[in-house]
2 protein chains.
Amino acid sequence: MEPVINNDYLELIEKLKEISHLNGVMSTIGWDQEVMMPTGAAEARAKQISALAGVIHERTTDPRLGDCLATLKEADSDSFDLLQACNIREAQRNFDLDTKVPKRLVMELAELGSRGHLIWVTARKENKFANFAPVLKQFLALKKEWAQCVFPDKNPYDANIDIFERGTSMAEITPIFEQLKAELIPLIQTIQDRQYQPDTSFLQGTFPVEKQEALARQISQDIGFNFDQGRMDVSVHPFCGGSHPTDVRITTRYKESDFIESLYAVIHETGHGLYEQGRMPGYQELPVSESLTMGIHESQSLFWERMIAQSKPFCVHYFESICAAFQGNLQRATVDSFYQAINTCKPDFIRVEADELTYPLHVILRFEIEKGLFDGSMCVDDLPEIWNSMMMKYLGIKPPTDTLGVLQDSHWASGAFGYFPSYTLGAIYACQFHRTLLSEQPDTEKNIAKGHFTPINHWLNEKIHSQGTLYTPQELIQRVTGEPLNPDYFIDYLKTKYKSIYQLDS
Amino acid sequence: MEPVINNDYLELIEKLKEISHLNGVMSTIGWDQEVMMPTGAAEARAKQISALAGVIHERTTDPRLGDCLATLKEADSDSFDLLQACNIREAQRNFDLDTKVPKRLVMELAELGSRGHLIWVTARKENKFANFAPVLKQFLALKKEWAQCVFPDKNPYDANIDIFERGTSMAEITPIFEQLKAELIPLIQTIQDRQYQPDTSFLQGTFPVEKQEALARQISQDIGFNFDQGRMDVSVHPFCGGSHPTDVRITTRYKESDFIESLYAVIHETGHGLYEQGRMPGYQELPVSESLTMGIHESQSLFWERMIAQSKPFCVHYFESICAAFQGNLQRATVDSFYQAINTCKPDFIRVEADELTYPLHVILRFEIEKGLFDGSMCVDDLPEIWNSMMMKYLGIKPPTDTLGVLQDSHWASGAFGYFPSYTLGAIYACQFHRTLLSEQPDTEKNIAKGHFTPINHWLNEKIHSQGTLYTPQELIQRVTGEPLNPDYFIDYLKTKYKSIYQLDS
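Residues numbered from 1 in each chain as written. Chains lettered and ligands numbered in written order. Predicted model: local features only at pLDDT ≥ 70, side-chain atom pairs only at ≥ 80, totals over all residues. Heavy atoms only, no water.

Enquirer: How should the overall build of chain A be read in this particular structure?
Expert: Of the regular secondary structure elements, chain A holds 20 helices and three strands. Expressed along its principal axes, the backbone C-alpha trace of chain A runs to roughly 70 × 55 × 50 Å. Scored against the burial criterion, the 506 residues of chain A give a buried share of 57%. For chain A, contacts bridging at least 24 residues in sequence account for 74% of all contacts bridging at least 6. Only carbon and sulfur atoms are counted for the fraction: they give 51% of the accessible area of chain A, which is about 20900 Å². If you average the places of the 47 positive and of the 69 negative side-chain charges in chain A, the two averages end up 4 Å apart. (Helix = DSSP H or I, 4+ residues; strand = E, 2+ residues; numbered from the N terminus. Buried < 20%, exposed > 50% of the residue type's maximum accessible area, 1.4 Å probe, protein only. Contact = heavy atoms within 4.5 Å. Areas by Shrake-Rupley, 256 points an atom, 1.4 Å probe, with all protein chains shown as cover. Lys, Arg positive; Asp, Glu negative; His and termini not counted. Charge placed at Lys NZ, Arg CZ, Asp CG, Glu CD.)

Shown next as C-alpha cells:
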C-alpha cells in the first residue's frame, strides 16, 4: 500500500525533527558540561541550559503539535504504514507526557530536582540521611501527583516505572525478582562460605593511563564503535551521550592502579553507543528510530560488557594484547586465571561497583523500597534501618554508614523512582538475547576468540538497534527470542558460570 | 539619581538575557564543531545549528521586544542611568539590524552563504576564480540591497563597514590608509633592497608538540588568561570562542617544524580571550558588556601579540624558558638574534601569514577592491588582474595563482564585505593604546622583562575590556589616549623598529 501524503503528518514530522535537532543541541552542551567545560562556567551554563530547556518545552507542548495529532487520530489508520503509525503513536505519548502535567508541578519538580541534588551531595558527604529525608518525602508526594496527571489509571509506582520501562509493572517485575532472590541469595551465601577466592593479585600494579586509553579505544573499535561518528573522552562518571546517531560520545575514567574498571566501563558504554550508532537509517531524527527503553538500552551495554567481554573466548582473544600493554604482575596470569579474576563474586556496599551475581540484589532492594514508599508500607525516616537490614538479609553485610548505604545513589535525589529495575531487566534481556544468538549463530564463541565481532553486531543491529520503537519491549523480546522475558536463562547462566569458577558441586 | 524601576526595561532585560543564553549555546556548539565533533556528524550538526538559529532569530525579532523598545523610546531619558541607556541603545540597534531586512533577503543571504562557501572552497582548490565570480556578484547585489534596508542613509559600503566598525566610514579610513601606503611601501622596498636578512635558521628544527603546548599554556596563563574560566585546544584555524566570559575558549594548531607560529597564535587568541574574560562584572549577559567592535577586539589580540610579545623585553623574559623547552638549533641564538628573527619582514602572498609591516598592505588592497566593487569602478571579472597588479605595486610580488591571490580569503565567500579594515584599524588602535600605557606606566618594559603582566592587564581591563559598548570606538580612543585615532604612532613605531632591525639609516 502506497502511503498517502497527509499534510498534518508532514507538519508533525517537521515539528518532531526540529525538537530532535534542539534535543541534539541540549545533549551536546550536556556532554560539554561533563567533559569540557571549565569549572568557572557552571553558573552561566546552568542559565544556558535552562533557556534552551524553556525553548524545547515550548516546542514539545506547542498546541499546534496537539492539533496535528488530534487530526491524525481521526484519520483512517490504514493511511499510514508501520513506521508512520509508530511516529504518530510515539509523538502522542511524548505530547501527553509533556502536556498533562500542570506547569506549576513541572516547575516544582525542576526546582526540587536542582535543589535536591545539592542537598543529597552534602548529605552523602556528611553521612546525614536526616538532611536528605525531607527532599525524598517531597519528591514522593510530587511524583505521586505527577503519576495521577499522566497515567491516572495506573498505580502511581507503575506510572513511574512506565517512564523507563514502558508496559512493565510491579505485577511483572515482582515474581521475576522473587525468583532471583530465591536462587541468588543461597548461591552467593555458598560462595561466601566456600572460602575459595580466585587469585586477583596480578590485577594489581601500575597501569599507565595512555596505555589503558589506547587499549580501550582499540577494543571499542574492534567490537564495532565507529570513531568517525563518535568520540571517547574522560569524565567523572562514565556515560554515553552525543547529539545524534552520527555523533555518539562515550566516556570513561582512569585509575593508574586498576585498568579493569576503566576498560569494562568503556566496553559497557560502547554497548550503549552501538545501539545509538545503529539506529534506523533515514529516520534518525524521528521517534520511530529512538531507543526503546532504559532496560533495552542496558541490555545492549550489558550484552557487550558481561555476555561477551567477561566470557572466556573474549579473554582468549585479548589476553596477549593486554599482557603486552602492561608490564609487571600480569605476566604471572594465564587466560584461565585472568578470566576467573575478572569474574569474582564479592558482596559489597556499592551498587555501581557490584559484580554481576550480587548486582541484582542491590536492584531488588531498591525496587522493594520504592514499592514500600509508594504503597505506604515504608516511611522515609525508617529507610536507613530498612536498607541495612535488607543488605544483611540479601548480601550478608551491613553498611557502616548511610553514605555507603541508603545515600549512595543519585536517582532519588532527582526523583527518578522506578529506574532501578531496568538495570536488572537489562541483564535478563541481555542473557536471553545472548542465548538466542548462540543458537542462531553457533560459531559465535569461536568468532569471539578470533576477534570477529561483526556477525554479533549485525545480529544485534538487525534484531534490536534498527527496530527503534516499532514494538513494545514485550513484543521485541518475543520477536527476537521466540518467547516472553524468561529469567530462567539468566539464573542458569549465573549458576553455571559461578559454580564453575568457584568449583562448587552442581 | 536613583534609577526608576521600569517594567518595560525589566522585560527588555529578561528578553536580552534569554537571547544571550541561547547565543552562548550556539557558541558552544560552534566551538564543538571546530574542535570536538566527529567528522561524520557534519550533516546532523548543520541541521541542529539551523534549528537553533531559527529559535534565536524568533527571539531577536520578537515583536514584543520591539514594543518594549518603542515604549522605552517614549520614556524620559533621565529615567535611565548610563548602563541602562546603553542596553536600550544596543538592543535597539540589534533589533533594527534583525528586523529591517525582509525575510526573503535574510534567507537568500543565508542560502548563498552556505552554498558560496562550498563553491569558494572548490574554486580555491582548483584555482578557478571564474567559478567563484558568480557568487561574488550575487553577494554584492544582495549586500547592496541589505545596506539599503538597514542603513538607507549610508553609502552601501559604509553600511557594510558599520557592522564591523561602527561609526567608521570610508571617509575616515581612506586618508589613514593613504598615509600608510605612502610610508610603508617605500620602507618595505628599502628593506627588500637592503639584502640583509636577520638569521632565522635557529628557528628551524623539530619542536615536540607537547612541549609547544606546555609553553604556550604557560605564557597564556602568565599574561593573564584564566584557565578556570577558559580552555585551550586545537583546531584547523586558531580562534577565540566560548559561551560566556566565564567560559572563554582559545585554540591554536601545532606544527612540529615551527613553534613560533603556534605560540604567537596562542598569544593573539589570548588577547581576544582577555577582552572576553574581562567584561563588566554583573552585566555579562547584557549588551552593555559586549565587546565593542572587531577593530577594538583585534586591537587587544594585536596588543599582546605584536606590542608585547614581539618586543625585546618579552624576549628577554622568555628566552631562557624557550631555549630550555626545545633542544637543538635554538642554543645558537641570543636574546637579540631571537628578537630579530621573530620580527623579520618579507613580502609574501598570504595575508594571514604576513608580518606586521606588510600586513597593512594586504588589508589596504582588499579595502580598495571592496570600495571599487561597491562604487562600480571595478568589476568582479577583472579582480584577478587587479589583485595581481596591486600586489606588484604594493609589495613587489605577483601571486603565481589565484589560489595564492584573490581566492585566498574566506570573507567574500560569506559576504563579509567591510571586515578587512578592522584588522589594520586594530593594529593602529593597539599601537596608540600601547603608547598611552607606556606614558602612564613608565615601568612597563621593565615589568615585561620581569614577567609582571598584571599591571598591563589591569590597565587594559579598566580602560577597554570593562567599558563594553558604553562608548563608540571614536569616543573610547579619545577617552583612553586623549586624542582621536592617529596613525602617526603606528607609522613611527614600525619605522623605528624595522629601521633598527634592518640597520637602515634613519
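Enquirer: Where do I start with the side chain of Arg93 of chain A in this structure?
Expert: Residues and elements named next belong to chain A. Looking at the element boundaries, Arg93 is found in helix H4 (residues 82–99). With a relative accessible area of 18%, Arg93 lands in the buried category. At 2.9 Å, the side chain of Arg93 and the side chain of Asp162 are in polar contact. Arg93 has contacts with Phe151, Asp162, Ile163 and Arg166, leaving out every residue within four places of it along the chain. (Polar contact = N/O pair within 3.5 Å; in protein donor to acceptor, adjacent residues only side chain to side chain.)

Enquirer: Sorry if this is basic, but what is going on with the sheet that holds strand E2 (residues 240–244) of chain A here?
Expert: Hydrogen bonds along the backbone pair up the strands of a sheet, which may run parallel or antiparallel. Residues and elements named next belong to chain A. Spatially, E1-E3-E2 is the arrangement adopted by the three strands of the open sheet, whose pairing is mixed. The sheet is open, and its two borders are formed by strand E1 (230–234) and E2, each paired with just one other strand. This sheet shows a mean twist of 20 degrees between the axes of neighbouring strands, independent of strand direction. Pairing between E2 and strand E3 (residues 247–252): four bridges, direction antiparallel. Residue pairing in the sheet places Gly242 in a bridge with Val248 of E3. (Pairing = 2+ DSSP bridges. Axes fitted to C-alpha atoms, helices over the stretch in contact; angles between N-to-C directions.)

Enquirer: Where do I start with the interface of chain B and chain A in this structure?
Expert: Where the parts come together, the accessible area they lose is often given as the size of the interface. Contact residues are listed per partner, giving 35 residues for chain B and 35 residues for chain A. Summing the contributions of chain B and of chain A, the shared interface buries around 2700 Å²; its carbon and sulfur component is 58%. Broken down residue by residue, the surface that chain B buries against chain A is led by Met36, Pro38 and Gln48 of chain B, which jointly contribute 19%. Taken together, chain B and chain A are joined by eight salt bridges. There are 13 residue pairs in polar contact (both at pLDDT 80 or more) connecting chain B and chain A. (Buried area = accessible area lost by both parts, 1.4 Å probe. Salt bridge = Lys/Arg side-chain N within 4 Å of Asp/Glu carboxyl O.)

Enquirer: What exactly am I supposed to notice about the packing of aromatic side chains here?
Expert: Centre distance and the angle of the planes are the two values used to describe a pair of aromatic rings. Across all of its chains, the model carries 48 aromatic pairs over all chains by this definition. With 5.1 Å between their ring centres and 85 degrees between their planes, Phe177 of chain A and Phe367 of chain A make a pair best called edge-to-face. With Phe177 of chain A in helix H8 (residues 170–193) and Phe367 of chain A in helix H14 (residues 359–375), this pair connects stretches of sequence that are 190 residues apart. Just as Phe177 of chain A is buried, Phe367 of chain A falls in that class too. By the ring-pair criterion, three or more aromatic residues cluster together here, those being Phe164, Tyr359, Trp387, Trp412, Tyr419, Phe420 and Tyr423 of chain A. Across from the ring centre of Phe151 of chain A, 5.4 Å away, lies the NZ or CZ of Lys154 of chain A, which sits over that ring. A cation sits over an aromatic face here: Lys143 of chain B above Trp146 of chain B, 4.6 Å from the ring centre. (Phe/Tyr/Trp six-rings, centres within 6.5 Å; stacked < 30°, edge-to-face > 60°. Lys NZ or Arg CZ within 6 Å of the ring centre and 35° of its normal.)

Enquirer: Just checking my understanding: could you explain helix H16 (residues 421–440) of chain A for this structure?
Expert: Structurally, the α-helix is built with 3.6 residues per turn, so residues lying three or four positions apart point the same way. Here H16 of chain A spans 29 Å end to end across 20 residues, near enough to the 28 Å set by a 1.5 Å rise per residue. For H16 of chain A, the buried fraction is high: 16 of the 20 residues fall into the buried class. (Expected span 1.5 Å × (residues − 1).)

Enquirer: What is the right way to read the environment of Pro473 of chain B from this model?
Expert: All names here are of chain B. Tracing the backbone through its elements, the reader meets Pro473 in helix H19 (residues 473–481). Residue class for Pro473 comes out buried when judged on its relative accessible area of 1%. Sequence separation between Pro473 and Thr293 is 180 residues, and the spatial gap between their C-alpha atoms is 7.4 Å. Other than its neighbours up to four places away in sequence, Pro473 contacts Glu165, Arg166, Leu292, Thr293, Ile296 and Tyr429.

Enquirer: Help me out: how do you make sense of the relation of the copies chain B and chain A in this one?
Expert: The operation relating the pair of chain copies consists of a rotation about an axis and a translation along that axis. When chain B is fitted to chain A, the best match, at an RMSD of 0.0 Å, comes from turning it 180 degrees and sliding it 0.1 Å along the axis. The symmetry that links the two subunits is that of a two-fold axis. Residue Ile29 of chain B, judged by its C-alpha, is the member of chain B lying nearest the rotation axis, at 3.6 Å. A high fraction, 100%, of the interface residues of chain B reappear at the interface in chain A, so the copies pair face to face through one surface. (Least-squares fit on C-alpha atoms with pLDDT ≥ 70 in both.)

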